[in-house]
Amino acid sequence: MKLIMNLAVVLFLVAPISAQEWDPVLTEKWIPVPALVVPGSGTAAPSDALVLFDGSGLGSWESVRGGEAKWLASDGVMTVSAGSGDIRTTQLFGDIQLHLEWRTPAIVEGDGQGRGNSGVFFHEVYEVQILDSFNNVTYSNGQAGSIYKQHIPLVNASKGPGQWQTYDIVFQSPAFTEDGEVVRNAIVTVFHNGIVIQNHVELTGHTPYIGLPKYEPHGKGAIKLQDHGNPTSFRNIWIREL
Ligand code: MG
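Only a predicted model underlies this, so the values are computations on that prediction, with no experimental measurement involved.

Trainee: Looking at this structure, I do not really get the overall build of the protein chain. What am I missing?
Mentor: Each helix and strand in the protein chain was counted, giving 2 helices and 15 strands. Taken against the 2.2 N^0.38 rule, which gives 18 Å for 242 residues, the C-alpha radius of gyration of the protein chain at 24 Å runs more than 25% over that of a compact globule. Principal axes of the C-alpha set define a box for the protein chain whose edges measure 90 × 45 × 35 Å. Within the span of the protein chain, comprising 242 residues, buried residues form 41% of the whole. Nonlocal contacts in the protein chain, meaning residues at least 24 apart in sequence, comprise 65% of its contacts between residues at least 6 apart.

In structure tokens form, the structure reads like this:
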């Protein structure tokens with residue numbers, strides 16, 4: 001019996017193994033070669049990014065009401081000019097990586113949704129909420145980093161009022177058939193101050209204040225920043241198309 005077992009082991013070890021199964025080259029892919037990108041230092045734009053705001057003016061933005069963006073821009077910072085309306089990029093985008101830095105007012109006024117409220121909208125209709133959520137209670141799916149009224153952030157990574165905060169967002173656009181049917185929902189990942197707070201979440205449509213989300217077919221779209229009446233500020237905004 002032992003002899004038979006030994007024989008079986010020997011047969012297994014010397015069994016012919018095709019070269020194909022053990023050739024590592026067969027699973028190597030050499031093309032395409034990823035393009036070389038030079039990273040920025042810290043949060044600076046990498047070499048292939050489009051800079052949307054570097055402090056030198058609002059040239060990449062326009063008012064959603066038409067005409068020039070009327071927000072205040074000085075000292076490398078742009079700030080919501082209450083009542084002037086939302087602003088949006090003049091350029092349109094599909095799937096993107098976006099970096100932006102924002103700051104809610106150092107002097108706290110109001111509470112809940114009224115405290116440092118703004119927002120970054122993809123295609124002008126899908127909002128990642130901007131809010132002073134530092135010791136500020138509101139509905140969880142409306143706090144900073146929420147996909148407004150759809151997804152509560154995994155954690156609250158907020159810094160205090162008056163401090164600069166970062167969002168790094170990967171947004172995959174929804175896709176539609178020619179008849180306007182949704183074939184792929186929008187998907188969003190958000191890092192807030194370097195911490196993942198939305199992990200590849202799927203949107204069920206736009207993000208309205210009142211009512212339920214729904215999709216309206218669209219192609220590429222602008223990035224919109226919200227005038228919610230609070231003097232929230234922005235700096236260092238750059239984008240990479242994916
Ligand atoms: Mg908002």
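Trainee: What should I look at first to understand a nonpolar patch on the surface in this one?
Mentor: There is a patch of nonpolar side chains on the surface, built from L154, V155, F191, I195 and V196 and spanning about 400 Å² of accessible area. Take V196: it is sitting in strand β13 (residues 195-202). Relative accessible area serves as the criterion here: at 32%, V196 is assigned to the partly exposed category.

Trainee: Sorry if this is basic, but what is going on with the coordination of the magnesium ion here?
Mentor: Around a metal, the ideal angle is 109.5 degrees if four donors adopt a tetrahedral arrangement and 90 or 180 degrees if six donors adopt an octahedral arrangement. Coordination of the magnesium ion by the protein is provided by N117 (OD1), S118 (O), E127 (OE), Q129 (OE1) and Q226 (OE1), with metal-donor distances spanning 2.2 to 2.4 Å. When the donors of the magnesium ion are listed by position in the chain, the intervening gaps give N-S-x8-E-x1-Q-x96-Q. Placement of the pair is Q129 in strand β8 (residues 126-130) and Q226 in the loop between β14 (223-225) and β15 (233-241), with a sequence separation of 97 residues. Each member of the pair, Q129 as well as Q226, carries the same accessibility label: buried.

Trainee: Mind showing me how you'd approach the pattern of salt bridges here?
Mentor: Two side chains bearing opposite charge may form a pair once their charged atoms approach each other closely. Here the structure, examined in full by the defined rule, presents 8 salt bridges. Here E62 ties to R88 by a salt bridge, and the two come within 2.9 Å at their closest N and O atoms. A residue pair is termed long-range when its members are at least 10 positions apart, and E62 in strand β2 (residues 61-63) and R88 in strand β5 (residues 87-89) qualify at 26 residues. Two residues, K224 and D86, come together in a salt bridge whose shortest N-O distance is 3.5 Å. Residue K224 is found in strand β14, and its partner D86 is found in the loop between β4 (77-79) and β5; the two are separated by 138 residues along the sequence. D86 carries the same exposure label as K224, and that label is buried. Because the salt bridges share partners, they merge into one network encompassing E62, R88 and E124.

Trainee: Looking at this structure, how should I read the layout of surface pockets?
Mentor: The method is simple in principle: a probe with the dimensions of a water molecule rolls over the atoms, and the space it marks as empty is what remains. Put simply, the largest pocket is a space of about 180 Å³. What lines the largest pocket is a set of 14 residues, and nearest its centre among them are E127, Y148, T207, Y209 and Q226. For the lining of the largest pocket, the residue count by class is 6 nonpolar, 7 polar and 1 charged.

Trainee: Sorry if this is basic, but what is going on with the environment of V183 here?
Mentor: Of note, V183 is situated in strand β11 (residues 182-184). Its relative accessible area of 55% is what places V183 among the exposed residues. Sequence-distant contacts of V183, that is, excluding residues within four places in its chain, are made with A175, F176 and T177.

Trainee: What is the right way to look at the side chain of N136 in this model?
Mentor: Of note, N136 is situated in the loop between β8 and β9 (165-172). Given a relative accessible area of 9%, N136 falls into the buried group. For N136, the side chain forms a polar contact with the main-chain oxygen of D132, separated by 2.8 Å. Residue contacts for N136: discarding those within four places in its chain leaves D111, G112, R115 and L131.

Definitions and limits used
Residues numbered from 1 in each chain as written. Predicted model: local features only at pLDDT ≥ 70, side-chain atom pairs only at ≥ 80, totals over all residues. Heavy atoms only, no water. Helix = DSSP H or I, 4+ residues; strand = E, 2+ residues; numbered from the N terminus. Rg over C-alpha atoms; globule rule 2.2 N^0.38 Å. Buried < 20%, exposed > 50% of the residue type's maximum accessible area, 1.4 Å probe, protein only. Contact = heavy atoms within 4.5 Å. Patch = residues over 30% accessible without salt bridge, like charges linked within 9 Å, V, L, I, M, F, W, Y side chains within 5 Å. Areas by Shrake-Rupley, 256 points an atom, 1.4 Å probe, with all protein chains shown as cover. Salt bridge = Lys/Arg side-chain N within 4 Å of Asp/Glu carboxyl O. Donors = N, O, S within 2.8 Å, 3.2 Å for Na, K, Ca; no water. 1 Å grid on protein atoms, 1.4 Å probe; cavity = no way out; pocket = protein on both sides within 12 Å on 5 of 7 lines; lining within 4 Å. Points joined across faces, edges and corners; volume = space filled by probe spheres on them. Nonpolar A, V, L, I, M, F, W, Y, C, P; charged D, E, K, R; others polar. Polar contact = N/O pair within 3.5 Å; in protein donor to acceptor, adjacent residues only side chain to side chain.

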